[in-house]
Amino acid sequence: DAGVIQSPRHEVTEMGQEVTLRCKPISGHDYLFWYRQTMMRGLELLIYFNNNVPIDDSGMPEDRFSAKMPNASFSTLKIQPSEPRDSAVYFCASSSTGAAANYEQYFGPGTRLTVT
Amino acid sequence: GQNIDQPTEMTATEGAIVQINCTYQTSGFNGLFWYQQHAGEAPTFLSYNVLDGLEEKGRFSSFLSRSKGYSYLLLKELQMKDSASYLCAVRGANAGKSTFGDGTTLTVKP
C-alpha cells in the first residue's frame with residue numbers, strides 16, 4: 001500500500017486566501033484524522049471521521065476551518081480565509097478497527113502551510 | 001478530559017540505554033501508544049500496550065502500569081538515528097481517537 005497520501009506537500013499563500021488540503025487514507029481504514037502541529041502547541045487533533053462521518057470536530061479552531069469526507073478514499077480540510085497564525089504542518093492520519101488492528105494511526109507526510 | 005505528561009528533552013550517549021517516561025490521567029483507557037517523529041517527518045508507530053507489563057520489540061521496549069497511569073519507552077543500544085521526538089498517546093473512553101502528549105525530544109550524542 002502507498003500509505004496515507006497528502007497534497008500539496010507545501011503551500012505558501014497570502015492572508016485572506018482560501019486553502020484546501022487533501023488526503024487519501026490507506027485503503028480499508030475506517031478512521032481518518034486531521035492534525036495540526038506547531039512548535040508552540042504540539043500535535044493538535046482538529047477533527048476525525050469514522051466511516052466518512054465526522055465524529056468530533058471540537059478541535060477545529062474556528063469557523064474558518066471546515067473538513068469533509070465525501071467518500072472512504074478522500075478528505076479535505078479547508079481554511080477560508082487563511083491567517084498567518086494558521087501556519088503549521090497539517091497531518092492526515094488513518095487507522096483501522098479490523099480484527100488484527102490496535103487502532104494505531106498511520107500518518108501522511110504532512111502539508112507545510114505558510115500564510116504570509 | 002485527558003492529561004499526558006512527558007519530559008520535554010533528554011540527552012543520551014550512543015550505545016547507552018535511555019528510558020522515556022509518560023504519565024497520564026484519562027477518563028477511560030483503551031490503550032497507550034508510542035510514536036517516533038524525526039525532525040521534518042511524520043510520526044510513525046512504535047508500540048502499543050493495553051495490558052500491564054513489558055512489550056519488547058527489538059531494541060525498543062514499552063512498559064505499562066494502568067493502576068499508576070504510567071508508561072515508559074526503553075531504547076537500548078542507542079544509535080545516532082534514534083535522535084527524534086517520542087510521542088506518548090492514550091486511547092481513552094472514546095476508542096476511535098488518541099490524545100497525544102507534547103513529545104520528548106531525544107538527542108543521541110557520540
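Given the structure is predicted, the values throughout are model-derived calculations rather than measurements.

Asks: How do you make sense of the sheet that holds strand E8 (residues 70-75) of chain B when you look at a structure like this?
Replies: Note on sheets: strands pair through backbone hydrogen bonds, and any given pair is parallel or antiparallel. Residues and elements named next belong to chain B. With antiparallel pairing, the 5 strands of this open sheet are ordered in space as E1-E3-E8-E7-E6. Both outer strands of the open sheet, strand E1 (3-5) and strand E6 (53-57), are each paired with one neighbouring strand and no more. Adjacent strand axes in the sheet meet at a mean angle of 15°, parallel and antiparallel pairs treated alike. Bridge count between E6 and strand E7 (residues 60-65): 5 bridges; the pairing is antiparallel. Note that in E7 the partner of Lys57 across the bridge is Phe60.

Asks: Which parts of the structure should I look at to understand the interface of chain A and chain B?
Replies: Many authors give the size of an interface as the accessible area that is lost as the parts come together. Taken together, the contact between chain A and chain B spans 17 residues of the former and 16 residues of the latter. Carbon and sulfur atoms make up 58% of the area that chain A and chain B hide from each other, which totals about 1400 Å². Counting the contacts that link chain A with chain B gives 1 salt bridge. A salt bridge links Lys97 of chain B to Asp56 of chain A, with the shortest nitrogen-to-oxygen separation between them at 3.1 Å. Across the chain A-chain B interface, the total number found is 3 residue pairs in polar contact (both at pLDDT 80 or more). Secondary structure elements with two or more residues in the side of chain A that touches chain B: strand E4 (31-38) and strand E5 (42-50) of chain A. Counting residues per element, the side of chain A that touches chain B draws most heavily on E4 of chain A, at 4 residues. For the side of chain A that touches chain B, the residue count by class is 10 nonpolar, 4 polar and 3 charged.

Asks: In this structure, what is going on with the side chain of Ser62 of chain B? I would like to understand it.
Replies: All names here are of chain B. Relative to the helices and strands, Ser62 is located in strand E7. A distance of 2.5 Å separates polar atoms of two side chains, one belonging to Ser62 and the other to Asn49. Those residues within four positions of Ser62 in sequence are excluded, and the remaining contacts are Trp34, Ser47, Asn49, Gly53, Leu54, Glu55, Tyr72 and Leu73.

Asks: Mind showing me how you'd approach the state of the cysteines here?
Replies: What makes a disulfide is a covalent bond joining the sulfur atoms belonging to two cysteines. Residue and element names in this part refer to chain A. All told, the structure shown has 2 disulfides over all chains when counted by the stated rule. There is a disulfide in this structure between Cys23 and Cys92, and the S-S distance comes to 1.9 Å. The chirality of the disulfide connecting Cys23 with Cys92 is left-handed, given an S-S dihedral of about -65°. A residue pair is termed long-range when its members are at least 10 positions apart, and Cys23 in strand E3 (residues 19-24) and Cys92 in strand E9 (residues 88-95) qualify at 69 residues. Taking the relative accessible area as the measure of exposure, Cys23 reaches 2% and is therefore buried.

About the cut-offs
- Residues numbered from 1 in each chain as written.
- Chains lettered and ligands numbered in written order.
- Predicted model: local features only at pLDDT ≥ 70, side-chain atom pairs only at ≥ 80, totals over all residues.
- Heavy atoms only, no water.
- Pairing = 2+ DSSP bridges.
- Helix = DSSP H or I, 4+ residues; strand = E, 2+ residues; numbered from the N terminus.
- Axes fitted to C-alpha atoms, helices over the stretch in contact; angles between N-to-C directions.
- Contact = heavy atoms within 4.5 Å.
- Buried area = accessible area lost by both parts, 1.4 Å probe.
- Salt bridge = Lys/Arg side-chain N within 4 Å of Asp/Glu carboxyl O.
- Polar contact = N/O pair within 3.5 Å; in protein donor to acceptor, adjacent residues only side chain to side chain.
- Nonpolar A, V, L, I, M, F, W, Y, C, P; charged D, E, K, R; others polar.
- Disulfide = S-S within 2.5 Å.
- Buried < 20%, exposed > 50% of the residue type's maximum accessible area, 1.4 Å probe, protein only.

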